[in-house]
Amino acid sequence: RKPTEEASTTMVCKYSGYTWSILSGMILTGSARSIMVKLAYQSGFQAPLTITLLYLFGQSLSVFVYWIQQKWLSNDYNALESSIIVTDDQLKQTTHETSIELSSNCSNDVELAQQRETKEQSSCEEASGDAEEIFLPNSKADTVGTDQLSDSQDSTTTSSSIPTSILSEMYKSIHTSISLLKNNNDEMPNGSNHGLTPQSAERIRWAHDIPYYVRPAIPALFNLLNSALRWASLLYIDASVAEMLISGLELTLSVVAARVIRKRMVSRSRWVGVVIVAVGVVVIERANNWKHQQQEEEQPDDNVETSNNNEDDNNSSSSNVTRSSAQNVTIGVILIILQSILSVLQDIGEEIFMQATTFPAMMMLGMEGLYGFVIGLIIYATIGNKFGIEDIDDTISMLMNNATLRWWLLGLPFLFLLTGIFNIKATEVTSAMTRNVWKNLRTVLVWSIALCIFYLGNNSKYGEAWHNPDSFFILLGFSVMTSGIVVYYWYKSQEQ
């Protein structure tokens, strides 16, 4: 086989160190985000609308991060440009002085050689024939030496003129590069172009006609809706299972969206991988539903009666028992499906605006959060109670009486900000499709941490328990999903 054919069967994960750091940060911070929100729900703070507002507020902080980045980088580039200009002038002056000195030294050497040659010619005329024979070789040697000096002078003169021209071109290039960086210091080179065709550019030509500050409003709408659905779904379903379903669905739907909306060409091997991932999602959902059906059937009658108790100590646990039923798990799955559809539309919108119109990633994240936060705050204050998933008066009362909860809520937006930065940077340097592939690794961390919290902690209401044999079936479904990802990435096939 030809080398190109052999290379086509290798797994395509040859990212730069910068890209790997972005993907790793996305996985770690995304896992921490899900764990923190689920722990808040398990402790009794079941307020998905409030969490959504904090999530959007954290994203909006990216505007200030972008402003600081612009200010800092602009100062650095100005200082660098100034130092290069000084170095350029100094080096040109030094080169000019060196050229004069070399030229003077070469002229003196030539004069001395000419004087020596004149003296030797005079002595040659007085010498005998034998002496003449001895002189001739020396004369030739001196002539050669003179020629060498002359050549040295020419080469020195030439070499002294070369650095000035080369350095001039070099510094012009550096100054041009600095100017481009100052104007585009938050942009990456178009992310992943894998599978893009001339039709892809034609399909998104409309993006250039949208006013600059209106562009983030489109993904911001999807962001507001999908974040509310995401945090609401965690009321009805385990965090690990939610991560598995969200990751698998978003991967499957993002490939479809990339093909339909972005007109990316997707190879047959990648479609096979997507189908395998979809099968894994179905296995996970069925296994999780069966697990909760079994728990509901095995629940003693006295515990069911206890679930209706109004005491404060048992109110949280009764809510958890009720929300463990198969019926409420189905509600959680429906919310996750809707959330995944909106999330994929948000991701593909971000990809189009950042890569096709070079909209800065940090500004995109900040404007999304800002638009969503303003709209969400109006909805929260006017009709928030009518959704039936949060009692806003109860939430305010809990915050007033619980100092620990206030500190927790104060730090949560910064975790959301960090997660959002890594997420949108992952879309910027790769693509929405690739980002959703790697998000599957969050599940491993979320599930492992939840199990550790349950078995190593002192309170069984936190974390997740391992149920036999249901958890093994969920693990089987996750293994199927992982194998689909391996198939998706294994072959570097020509898109057709």
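The structure this text deals with has already been given above.
Conventions adopted
- Residues numbered from 1 in each chain as written.
- Predicted model: local features only at pLDDT ≥ 70, side-chain atom pairs only at ≥ 80, totals over all residues.
- Heavy atoms only, no water.
- Helix = DSSP H or I, 4+ residues; strand = E, 2+ residues; numbered from the N terminus.
- Buried < 20%, exposed > 50% of the residue type's maximum accessible area, 1.4 Å probe, protein only.
- Contact = heavy atoms within 4.5 Å.
- Areas by Shrake-Rupley, 256 points an atom, 1.4 Å probe, with all protein chains shown as cover.
- Expected span 1.5 Å × (residues − 1).
- Phe/Tyr/Trp six-rings, centres within 6.5 Å; stacked < 30°, edge-to-face > 60°.
- Lys NZ or Arg CZ within 6 Å of the ring centre and 35° of its normal.
- Salt bridge = Lys/Arg side-chain N within 4 Å of Asp/Glu carboxyl O.
- Lys, Arg positive; Asp, Glu negative; His and termini not counted.
- Polar contact = N/O pair within 3.5 Å; in protein donor to acceptor, adjacent residues only side chain to side chain.
- Axes fitted to C-alpha atoms, helices over the stretch in contact; angles between N-to-C directions.
- Parallel < 35°, antiparallel > 145°, perpendicular 65-115°, else oblique.
- Left-handed = near helix turned anticlockwise from the far one by under 90°.
- Nonpolar A, V, L, I, M, F, W, Y, C, P; charged D, E, K, R; others polar.

Draft legend 1. Broad picture of the overall build of the protein. For the protein, the helix and strand inventory stands at 18 helices and zero strands. Counting over 496 residues, the protein shows a buried share of 42%. Considering only contacts in the protein between residues 6 or more positions apart, those separated by 24 or more positions represent 86%. For the protein, the exposed area adds up to about 25,900 Å²; of that, 61% sits on carbon and sulfur atoms.

Draft legend 2. Highlighting unusual backbone geometry. Cis geometry marks the peptide bond from Asn 468 to Pro 469; its omega dihedral reads -5°. Checked against the element boundaries, Pro 469 lands in the loop between helix H17 (442–456) and helix H18 (470–490). At Lys 263, a position not held by glycine, the phi torsion is positive, near 60°. The topology assignment puts Lys 263 in the loop between helix H8 (239–260) and helix H9 (268–298).

Draft legend 3. Spatial organisation of helix H3 (residues 48–60). With 13 residues, H3 extends 18 Å between its outermost C-alpha atoms, agreeing within 8% with the 18 Å of an ideal straight helix rising 1.5 Å per residue. Taken together, the buried positions of H3 are Pro 48, Leu 49, Thr 50, Ile 51, Thr 52, Leu 53, Leu 54, Tyr 55, Leu 56, Gly 58, Gln 59 and Ser 60.

Draft legend 4. Summary view of the side chain of Thr 419. With respect to the helices, strands and loops of the structure, Thr 419 is situated in helix H15 (residues 403–429). Filtering out sequence-adjacent residues up to four positions away, Thr 419 remains in contact with Thr 29, Gly 30, Arg 33 and Arg 442.

Draft legend 5. Broad picture of the environment of Ile 334. Structurally, Ile 334 is set in helix H12 (residues 326–356). With 105 residues separating them in the primary sequence, Ile 334 and Leu 229 have C-alpha atoms 9.5 Å apart.

Draft legend 6. Molecular detail of the packing of aromatic side chains. Counted by the stated rule, this structure contains 13 aromatic pairs. Seen in terms of ring centroids, Phe 57 and Phe 373 are 5.6 Å apart; in terms of plane orientation they differ by 50°. Their pairing is tilted. With Phe 57 in helix H3 and Phe 373 in helix H13 (residues 361–383), the pair connects residues that are 316 residues apart, well separated along the chain. Centroid distance Trp 447 to Trp 466: 5.6 Å. Interplanar angle 20°. Geometry classified as stacked. Of this pair, Trp 447 sits in helix H17 while Trp 466 sits in the loop between H17 and H18, placing them 19 residues apart in sequence. On the basis of relative accessibility, which here comes to 10%, the residue Trp 447 falls in the buried class. Sitting over the face of the ring of Trp 231, Arg 230 holds its NZ or CZ atom 5.5 Å from the ring centroid. If you follow Arg 270 out to its NZ or CZ, it ends over the ring of Tyr 488, 4.6 Å from the centre.

Draft legend 7. Geometry of the pattern of salt bridges. This model, assessed by the stated rule, comprises nine salt bridges. Lys 439 is paired through a salt bridge with Glu 250; the nearest N and O atoms lie 2.4 Å apart. Here Lys 439, found in the loop between helix H16 (432–438) and H17, pairs with Glu 250, found in helix H8; they are 189 residues apart in sequence, far enough to count as distant. Here Lys 439 and Glu 250 have matching classes, each one buried. The partner of Arg 262 in a salt bridge is Glu 351, and the shortest N-O contact between them spans 2.5 Å. Residue Arg 262 is found in the loop between H8 and H9, and its partner Glu 351 is found in helix H12; the two are separated by 89 residues along the sequence. Its relative accessible area of 5% is what places Arg 262 among the buried residues. Each member of the salt-bridge network shares a partner with another, and the members are Arg 262, Arg 264 and Glu 351.

Draft legend 8. Up close: the side chain of Arg 215. Relative to the helices and strands, Arg 215 resides in the loop between helix H6 (198–203) and helix H7 (217–233). For Arg 215, which is buried and forms no salt bridge, the nearest opposite charge comes from Asp 209, at a distance of 7.6 Å. Polar side-chain contacts of Arg 215 include one of 3.0 Å to the backbone oxygen of Ile 210.

Draft legend 9. Local environment of the packing of helix H2 (residues 17–42) against H17. Contact geometry of H2 with H17 gives a least axis separation of 9 Å together with a crossing angle of 40°. Comparing their axes, H17 and H2 come out oblique. As H2 packs across H17, the resulting crossing turns out to be right-handed. Of the residues in H17, those in contact with Met 26, Ile 27, Leu 28, Gly 30, Ser 31, Arg 33, Ser 34, Ile 35 and Leu 39 of H2 are Arg 442, Leu 445, Val 446, Ile 449, Ala 450 and Ile 453. Looking at side-chain class alone, the contact of H2 with H17 contains ten nonpolar, three polar and two charged residues.

Coordinates in, geometry out; function isn't part of it.
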